[in-house]
2 protein chains.
Amino acid sequence: MLQVPEHQVAGHRAINGNLGPVIDNSGRFYKPFLDDERGSTELAFYKSFCSDTRVPDHIRRFFPVFYGTQDLEASDGSGFRPHLVLQDLASNHRNPSIMDVKIGSRTWYPEASEDYIQKCLEKDRKTTTVSLGFRISGLQIYESKESGFWKPEKKQVQSFTADNVRLVLRKFVSSNSSIGSNENPDCFLAPIVYGGSAGILEQLLELKAWFEDQTIYHFHSCSVLILFDKESVLKGRTPVAEVKLIDFAHVVEGRDVIDHNFLGGLCSLIKFVSEILSSSKESSIKACFTELEKKCYCTNNGNY
Amino acid sequence: MLQVPEHQVAGHRAINGNLGPVIDNSGRFYKPFLDDERGSTELAFYKSFCSDTRVPDHIRRFFPVFYGTQDLEASDGSGFRPHLVLQDLASNHRNPSIMDVKIGSRTWYPEASEDYIQKCLEKDRKTTTVSLGFRISGLQIYESKESGFWKPEKKQVQSFTADNVRLVLRKFVSSNSSIGSNENPDCFLAPIVYGGSAGILEQLLELKAWFEDQTIYHFHSCSVLILFDKESVLKGRTPVAEVKLIDFAHVVEGRDVIDHNFLGGLCSLIKFVSEILSSSKESSIKACFTELEKKCYCTNNGNY
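Computed from a prediction, not measured in an experiment: that's the story for all the values here. (Residues numbered from 1 in each chain as written. Chains lettered and ligands numbered in written order. Predicted model: local features only at pLDDT ≥ 70, side-chain atom pairs only at ≥ 80, totals over all residues. Heavy atoms only, no water.)

(A) Summary view of the interface of chain A and chain B. Contacts between the two partners involve 30 residues from chain A, matched on the other side by 30 residues from chain B. Between chain A and chain B, roughly 2400 Å² of surface is buried when both sides are summed, and carbon and sulfur atoms account for 57% of that area. The largest share of the area that chain A buries against chain B comes from Arg125, His260 and Lys271 of chain A, three residues that together contribute 24% of it. For the pair chain A and chain B, the number of links is six salt bridges. A salt bridge links Arg125 of chain A to Glu114 of chain B, with the nearest nitrogen and oxygen atoms 2.9 Å apart. (Contact = heavy atoms within 4.5 Å. Buried area = accessible area lost by both parts, 1.4 Å probe. Salt bridge = Lys/Arg side-chain N within 4 Å of Asp/Glu carboxyl O.)

Dropping the structure here:
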């Protein structure tokens, strides 16, 4: 049975008669070809990527598994249409917290049409794309069994400022109740989800090392998807958190030049994440000291 | 005695009644304030930079020494005008080969006027700025006592393609005679000038590490100046080659965000330089093998 992905946080949704991706219950994600060349560009990318021996194995795990294409009835009722068949990244998570971060200070590319460039440029300047080198395209944060997810509206996400982005990246790894409205998130999960040898930061750094070297592809308008399951993290299950690259409808050949646009934005995101990590370490050290001080005070009180 | 800098490769020149920088014979470079806010922005940068304790000492050496400002008669005959007094970077070189590389895939910044942004964007798209993340703004390469320097015209430099840039970066470290017209430069000096523990690549990597972390400044439209003296390199003198940052008329506050635009472009330049270095190593190994083969062949011929 095909259904609308429950945990989709950005992009076209297959609801209200619109064209969008659907999933099945075996862990596959079906992404419809759009009417322009985006579908064929993304297909060409997956085909090239799968067969390119220059891509190291440890980098492949950052990309969804590609199963080919399939003709399916489109979600907008327009009849059969080719779909990319991909791994459903959310399928093995019960309540995934997900963030879709579009990387790069520029989403357009020199070869695009003038109209497309102007449209992208306008959006890049309105959002944090130009200033931060990335923008959050969508997110959901699992709060609790009672309150479910915090999933801000598309309009709210699109108007995020640099400060909003910083706050959201903190909320993403916090345990406070009602995360959405909380202005002082505790970043309780930062050391586990962002830090650690299998955490987000290490994965982003691994990607960065590849982007410093690879000149095969330029990933315009591509997103880093960050996802983890709060409950399974608290139960100590692995993998703690995952980084995936998605959306390759605007990938072009690298022509012996690194993807400096993606790399710059990725480094900016890395800096944001590391700052949260170091400030959360500092605050846990502070908390420890406060605990210690309290204990000393109590002991002294007893002795004198 | 003030005079027009002989080794200036880019920017306004103090000739034909134009406003431009002048030098004295004590190693100082006088850069006139222009009529707009660029002079005061650059002065504000130097003042802030000199007193900012967050800038590590090993990074300061990449910046020209700043000696303050001085009122001087302007080179265009318009009377007295304030000048920045800076270190003349070419002063201790006899025949410096120099390259001015404007870093970043974007020379404009969000706070600029719409006119300025459109003007920059157009130039960024016409040159290699958007595609490579940097563009060569000017250069001179010392060939020999007889033929002097190869110094292509501004128009020629502005029309450089990615392939031209790659070729020029090879010519820059080559010993062939008539470098300008040569399509197959030998990259003879690459291992010394680009490579080695005090070479260009190591210096660029040191800068890169700082740019991955620093959130104090965003360096728009700023250049990396690469310079070395062929004759002193061949004589084994140090420093072999220098990397300097220049032109801070469009530096803005970093506001806790890294300069992802500069960093991305710098990484792209680093990749170009390392590729020349590794291919020149390969070709010297090949040359060694060819030499060895020749010797073996000769020996064998002698023996049999």
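(B) Layout of the relation of the copies chain A and chain B. In the superposition of chain A on chain B (RMSD 0.0 Å, axial shift 0.0 Å), the rotation amounts to 180°. Look at the turn and shift together and you get a two-fold axis relating the two. The position closest to the rotation axis in chain A is occupied by the C-alpha of Gly264 of chain A, lying 2.2 Å away. With an isologous cut-off of 70% or more, the 100% of interface residues of chain A that recur at the interface of chain B puts this contact in the isologous class. (Least-squares fit on C-alpha atoms with pLDDT ≥ 70 in both.)

(C) Geometry of the sheet that holds strand 10 (residues 241–246) of chain B. Residues and elements named next belong to chain B. Taken in spatial order, the five strands make up an open sheet running 7-6-5-9-10, and their pairing is antiparallel. Unpaired on one side and paired on the other, strand 7 (148–150) and strand 10 mark the two borders of the sheet. Adjacent strand axes in the sheet meet at a mean angle of 20°, parallel and antiparallel pairs treated alike. Two strands pair when backbone bridges link them, and strand 5 (residues 96–103) and strand 9 (residues 223–229) are joined in this way by seven bridges, in the antiparallel orientation. When the bridges of strand 9 are listed, Val101 appears paired with Val224. (Pairing = 2+ DSSP bridges. Helix = DSSP H or I, 4+ residues; strand = E, 2+ residues; numbered from the N terminus. Axes fitted to C-alpha atoms, helices over the stretch in contact; angles between N-to-C directions.)

(D) Broad picture of empty space enclosed by the protein. Evaluation of the coordinates by the stated rule reveals three cavities of 30 Å³ or more. Roughly 90 Å³ of volume is contained in the largest cavity. Around the largest cavity sit Ser105, Arg106, Trp108, Leu121, Asp124 and Val130 of chain A together with Ser105, Arg106, Trp108, Leu121 and Asp124 of chain B, which together line it. Those elements that provide at least two residues to the lining of the largest cavity are helix 3 (114–126) of chain A together with helix 3 (114–126) of chain B. Grouping the constituent residues of the lining of the largest cavity by class yields five nonpolar, two polar and four charged. Its boundaries defined by the atoms lining it, the second largest cavity holds a volume of some 60 Å³. What lines the second largest cavity is Ser105, His260, Asn261, Gly264 and Gly265 of chain A together with Ser105, His260, Asn261, Gly264 and Gly265 of chain B. Where the lining of the second largest cavity is concerned, the elements lending two or more residues are helix 10 (260–303) of chain A together with helix 10 (260–303) of chain B. (1 Å grid on protein atoms, 1.4 Å probe; cavity = no way out; pocket = protein on both sides within 12 Å on 5 of 7 lines; lining within 4 Å. Points joined across faces, edges and corners; volume = space filled by probe spheres on them. Nonpolar A, V, L, I, M, F, W, Y, C, P; charged D, E, K, R; others polar.)

(E) Looking closely at the pattern of salt bridges. In this structure the tally under the stated criterion is 26 salt bridges over all chains. The shortest N-O distance in the salt bridge between Glu42 of chain A and Lys31 of chain A comes to 2.9 Å. Taken together, the positions of Glu42 of chain A in helix 1 (residues 38–51) and Lys31 of chain A in strand 2 (residues 28–32) put the pair 11 residues apart, joining distant regions of the chain. In this structure, Glu42 of chain A and Lys31 of chain A share a single accessibility class: buried. With its nearest N and O atoms 3.2 Å apart, the salt bridge here joins Arg166 of chain A to Asp163 of chain A. Linking Arg166 of chain A with Asp163 of chain A, this pair stays in helix 6 (residues 162–171), spanning three residues, or about one helical turn. Owing to a relative accessible area of 55%, Asp163 of chain A belongs among the exposed residues under this scheme. A network of salt bridges, in which partner residues are shared, links Lys208 and Glu212 of chain A together with Lys208 and Glu212 of chain B. (Buried < 20%, exposed > 50% of the residue type's maximum accessible area, 1.4 Å probe, protein only.)

(F) Examining the sheet that holds strand 3 (residues 66–73) of chain B more closely. Residue and element names in this part refer to chain B. The sheet built from four strands is open, its strands ordered 1-2-4-3 with antiparallel pairing. Two strands close off the open sheet at either side, each with one partner strand: strand 1 (22–23) and strand 3. Where strand 3 and strand 4 (residues 80–87) come together, seven bridges link them in antiparallel fashion. The residue bridging Gln70 from the neighbouring strand is His83, located in strand 4.

(G) Structural detail: the environment of Val165 of chain B. All names here are of chain B. Within the secondary structure, Val165 is located in helix 6 (residues 162–171). Residue class for Val165 comes out buried when judged on its relative accessible area of 0%. Expressed as a C-alpha distance, the spacing of Val165 and Arg237, which sit 72 residues apart in the sequence, is 28 Å. Residues contacting Val165, with those up to four places away along its chain left out, are Thr128, Leu132, Phe134, Ile136, Phe160 and Phe272.

(H) Examining the nonpolar core more closely. Core analysis: the largest hydrophobic core is formed by 136 residues, its most contacted members being Tyr194 and Phe219 of chain A together with Tyr194 and Phe219 of chain B. Apart from residues no more than four positions distant in its own chain, Tyr194 of chain A is found in contact with Met99, Leu169, Phe172, Val173, Leu189, Gly199, Ile200, Leu201, Val273, Ile276 and Leu277 of chain A. Of all hydrophobic cores here, the second largest spans 18 residues; its members include Ala112 of chain A together with Tyr109, Ala112 and Cys120 of chain B. (Core = buried A, V, L, I, M, F, W, Y, C linked by side-chain atoms within 4.5 Å.)

(I) Broad picture of a positive patch on the surface. A contiguous patch of positive charge, built from Arg94, Lys145, Lys235 and Arg237 of chain A, is present on the exposed surface. You can see Lys145 of chain A is positioned in the loop between strand 6 (134–144) and strand 7 (148–150). (Patch = residues over 30% accessible without salt bridge, like charges linked within 9 Å, V, L, I, M, F, W, Y side chains within 5 Å. Areas by Shrake-Rupley, 256 points an atom, 1.4 Å probe, with all protein chains shown as cover. Lys, Arg positive; Asp, Glu negative; His and termini not counted. Charge placed at Lys NZ, Arg CZ, Asp CG, Glu CD.)

(J) Molecular detail of unusual backbone geometry. Across the junction of Thr238 of chain A and Pro239 of chain A, the peptide omega takes the value -5°, indicating a cis bond. Relative to the assigned elements, Pro239 of chain A resides in the loop between helix 9 (230–234) and strand 10 (241–246). Of note, the phi angle at Cys187 of chain A is positive, near 55°, even though the residue is not glycine. Relative to the helices and strands, Cys187 of chain A is located in the loop between helix 6 and helix 7 (190–193). On the accessibility criterion, Cys187 of chain A (3% relative accessible area) is buried. A positive phi angle, near 60°, is found at Ser221 of chain B, a position not held by glycine.

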